[in-house]
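# Structural features, examined
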Amino acid sequence: MTQLSFQLYSARNYPSLPEFLSKLSSLGYTQVEGYGGLYEDPASFAAHLKNNGLSMPTGHFGLDQLKDTAIALKTAEIIGVKRIYCPFIMPDQRSEDESKWLELAETLAELGEVYTKAGYGFGWHNHDFEFHPTTSGRTPMEIILETAPNIEWECDVAWVIRGKTDPVAWFDKYGDRITAVHVKDIAPAGEKTDEDGWADVGTGVVGWEELIKKVEAKTKAQYFVAEHDKPSDPVRFATQSIANAKNWK
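Predicted, not measured: the structure shown is a model, and the values here were computed from it.

## Details of the overall build of the protein
Across its full length, the protein carries 10 helices and 10 strands. Dimensions of the protein along its principal axes, counting C-alpha atoms only, are 50 × 45 × 35 Å. In the protein, which comprises 249 residues, the proportion classed as buried is 53%. In the protein, of all internal contacts separated by at least 6 residues, the share reaching a separation of at least 24 is 74%.

Okay, structure coming up:
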């Protein structure tokens, strides 16, 4: 793994974005990953990144943002994004059968054509719900990847595990689609309940020191993004995570 990026959603409750970007830079981060709430003023955001020696090669854009292709493309251009990932849909956009998943996959396939034609990588970022089988037996993740065969996958490994499935089996099957991974850790059962059971990278039960080798061997991941969905202290999370990642051989 060449370097660890940082998903800025993990610091969404930090009072000052410029101050936090400065802290990331001082810790040795050179890359971040943005999310939809940061793009209101992309030129200002890009300036803050540049001032702290940071780049943003990957970005999360919500489905509604992606459908406004002109604005999304301009935002990505200003910030310097190389790969765009759709990160989430609400529960009312999901279905127990395949119907809404097929609709989503077809939408992603259409959007993917626009963004890839413009020179961007484009794909889906998972949570756990994509691994709960539909009434047909197929999982939403399979439906998405098979119905939209040209899109990429940013694999959030810890959410795959929380989806009660083996991430390595997914690497084996779809590794050539995985162009980025979220490096997230899970606390031992019953611990870190105030942080929704997530842990700083390298301090939980995922076993990243060994798993990262399988990511590198079995996927085409170019970006490795540290994330914690609910850290009580984002500076602690950023500090601990990059320190542990530097020890991985």
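## Comments concerning the nonpolar core
Ranked by internal contacts, the top residues of the largest apolar core, which has 73 residues, are Leu8, Trp153 and Trp208. Looking at this core, the element that brings in the most residues is helix H5 (residues 99–117), giving five residues. Apart from residues no more than four positions distant in its own chain, Trp208 is found in contact with Val157, His182, Val183, Lys184, Asp185, Val201, Val215 and Trp248.

## What about H5?
The terminal C-alpha atoms of H5 lie 27 Å apart, and with 19 residues this matches the ideal 27 Å at 1.5 Å per residue to within 8%. Three or more residues of H5 are buried, namely Trp101, Leu104, Ala105, Leu108, Leu111, Gly112 and Tyr115. Summarising the contacts, the buried residues of H5 are in contact with helix H3 (63–67), helix H4 (69–79), strand E4 (83–86), strand E5 (121–125) and helix H6 (140–147).

## Quick notes on unusual backbone geometry
Positive phi is not limited to glycine here, since Lys192 has a value of about 55 degrees. By the element assignment, Lys192 lies in the loop between strand E8 (185–186) and strand E9 (198–199). Taking relative accessible area as the criterion, Lys192 reaches 39% and is therefore assigned partly exposed. Backbone geometry at Asp196 places phi at a positive 55 degrees, although glycine is not the residue there. Locating Asp196 in the fold gives a position in the loop between E8 and E9. Note on Asp196: relative accessible area 43%, which makes it partly exposed.

The rules behind these values
In every chain, residue numbers begin from 1 and rise along the written sequence. Per-residue local features are limited, in this predicted model, to residues with pLDDT of at least 70; the limit for side-chain atom pairs, both in listing and counting, is 80 or more; totals at the level of whole chains, interfaces and linings are taken over all residues. The basis for the side-chain values is all heavy atoms of the structure; hydrogens and waters are excluded. Here a strand is any run of E in DSSP of at least two residues, a helix any run of H or I of at least four, and the numbering for each starts at the N terminus. Summary of the burial criterion: residues with accessible area below 20% of their type's maximum are buried, those above 50% are exposed, and those between are partly exposed, where the area comes from a 1.4 Å probe applied to protein chains only. Only heavy atoms matter for contacts: two residues are in contact if any of them lie within 4.5 Å across the pair. Nonpolar cores were defined as sets of buried Ala, Val, Leu, Ile, Met, Phe, Trp, Tyr and Cys residues, with membership established by side-chain atoms within 4.5 Å. Here, expected helix span is obtained from the residue count minus one, scaled by 1.5 Å.

This is a description of form; function is not addressed.
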